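Close look at the chain arrangement
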Amino acid sequence: MTIRHYLQFKDLSADECAHVLERAAHIKKKFKAVEKYQPFADPDRTLAMIFEKASTRTRVSFEAGMYQMGGSVVHLTTGDSQLGRAEPIEDSAKVISRMVDLVMIRTFEHSKIEAFAAHSRVPVINGLTNEFHPCQILADLFTLAEYRPASSGKPLDAFKGKVVAWVGDGNNMANTWLQAAELLGFTVHVSTPGGYEVDPVLAGISNRDCYKVFKDPREACAGADLVTTDVWTSMGFESENEVRREAFKRWCVDEDMMRQARPDALFMHCLPAHRGEEVSAEVIDGPQSVVWDEAENRMHAQKALMEFLLLGRLA
Ligand code: CP
Ligand code: NVA
């Protein structure tokens, strides 16, 4: 059987993405009803989580999710494993994947997770690389479909024709939004400071019609169904902090920017957030913000993703 990895958003087809989102809704319903759902209990399945960067949400959502599904978790970091002592990633992949059923990795260059996956006997999930953050966008889309469902009830219909405004850095989140837009048929209005633009080649998209570039972030927000942003300085780029703080000054999502969007527009942020930098406190703590549901939905979406990668399509 071919091993399926989830390294980029486009590693699932649109149809598979719809399936995972439907399962996420089903699994969330059970969680809310305090109903046991333990498909990983017998035989017991183990997830190895490898963190080369800090995390709160990704760690808690994968770890809690795996235990809730009846499985178990092994947690590794660069500092407490041989990864920090230059054991080749390929050797680590060969060893770790002989002992567990699934691996989640948060690391720096995307090429690192690709090298791991190429030598892994089990599915590998991207828990964030410099280039992509697919689990986050899966959760964001799940949240969007929950708040603004299509009349057909089909999750993918909730995205068709929608406008998502991306304000800020052309980073891993922005790249992943572009992949989702290309796959699922919506448009991203991107506004970044000069020098921080998205690169369609790096984002891995071939249809450039799935996004439009705006110099003025307010124009990017005009008519948007969803306004979203992220930190000005991503993990691994801390030495650029001061330069970025200056360059991104005009890219703070505030109430004025939100007023350009549709009156029923939502605000999302993958978190952690810096109030007063990429978003004002009034917006992130205001009525249009859905960031807490978005964060919780990481767990439900990833439970559905793990179920799909380990057990295939369940009805
Ligand atoms: N959004 C997100 O991935 O959060 P963490 O860095 O806390 O995992
Ligand atoms: N772009 C951010 C996302 C954090 C969840 C980073 O890579 O640090």
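Structure's up top.
Let us look at the structure shown here. (Residues numbered from 1 in each chain as written. Chains lettered and ligands numbered in written order. Predicted model: local features only at pLDDT ≥ 70, side-chain atom pairs only at ≥ 80, totals over all residues. Heavy atoms only, no water.)

1. Regarding the sheet that holds strand β3 (residues 102-106)
- Taken in spatial order, the four strands line up as β2-β1-β3-β4 in an open sheet, and their pairing is parallel. Looking along the sheet, the strands with just one partner apiece sit at the ends: β2 (72-77) and β4 (124-126). Shown here is a sheet whose adjacent strand axes are inclined to one another by a mean of 20 degrees, direction ignored.
- Strands β1 (46-51), β3 and β4 of the sheet are contacted by helix α4 (residues 110-118), whose axis makes an angle of about 170 degrees with β4. (Pairing = 2+ DSSP bridges. Helix = DSSP H or I, 4+ residues; strand = E, 2+ residues; numbered from the N terminus. Axes fitted to C-alpha atoms, helices over the stretch in contact; angles between N-to-C directions. Contact = heavy atoms within 4.5 Å.)

2. Considering the packing of aromatic side chains
- For the structure shown, the criterion picks out three aromatic pairs.
- A centroid spacing of 6.0 Å and a plane angle of 80 degrees characterise the contact between W177 and F186, whose relative ring orientation is edge-to-face. When sorted by exposure, W177 lands in the same class as F186, which is buried.
- By the ring-pair criterion, three or more aromatic residues cluster together here, those being Y196, W232 and F248.
- A cation over a ring is seen here: K53 above F108, with NZ or CZ 4.8 Å from the ring centre. (Phe/Tyr/Trp six-rings, centres within 6.5 Å; stacked < 30°, edge-to-face > 60°. Buried < 20%, exposed > 50% of the residue type's maximum accessible area, 1.4 Å probe, protein only. Lys NZ or Arg CZ within 6 Å of the ring centre and 35° of its normal.)

3. Quick look at the nonpolar core
- By size, the foremost hydrophobic cluster in this structure holds 62 residues, and its most contacted members are I125, F159, W177 and F186.
- Per-element accounting of this core gives the leading share, eight residues, to helix α5 (residues 134-147).
- Residues in contact with W177, not counting those within four places in the same chain, are I137, D140, L141, V164, W166, F186, V188, L226 and T228. (Core = buried A, V, L, I, M, F, W, Y, C linked by side-chain atoms within 4.5 Å.)

4. A word on the site of ligand 2
- As a structural note, the neighbourhood of ligand 2 is formed by L128, N171, N172, D230, V231, S234, M235, C270 and L271.
- Between ligand 2 and S234, the relevant distance is 2.7 Å, taken from a nitrogen atom to a side-chain nitrogen or oxygen of the residue.
- Summarising the interface, the protein chains cover 94% of the accessible area of ligand 2, which totals 270 Å² for the free molecule.
- Residues that form the shell around ligand 2 fall into these classes: five nonpolar, three polar and one charged. (Near = heavy atom within 4 Å. Polar contact = N/O pair within 3.5 Å; in protein donor to acceptor, adjacent residues only side chain to side chain. Areas by Shrake-Rupley, 256 points an atom, 1.4 Å probe, with all protein chains shown as cover. Nonpolar A, V, L, I, M, F, W, Y, C, P; charged D, E, K, R; others polar.)

5. Observations regarding the pattern of salt bridges
- Enumeration according to the criterion identifies 18 salt bridges in this entry.
- Across the pair D225 and R262 runs a salt bridge, and its minimum N-O distance is 3.3 Å. Taken together, the residues D225 in the loop between α8 (217-221) and β8 (226-229) and R262 in the loop between α10 (255-260) and β9 (266-269) connect sequence positions 37 residues apart.
- D225 sits in the buried class, given a relative accessible area of 14%.
- Connected through shared salt-bridge partners, R148, D225, R262 and D264 make up one network. (Salt bridge = Lys/Arg side-chain N within 4 Å of Asp/Glu carboxyl O.)

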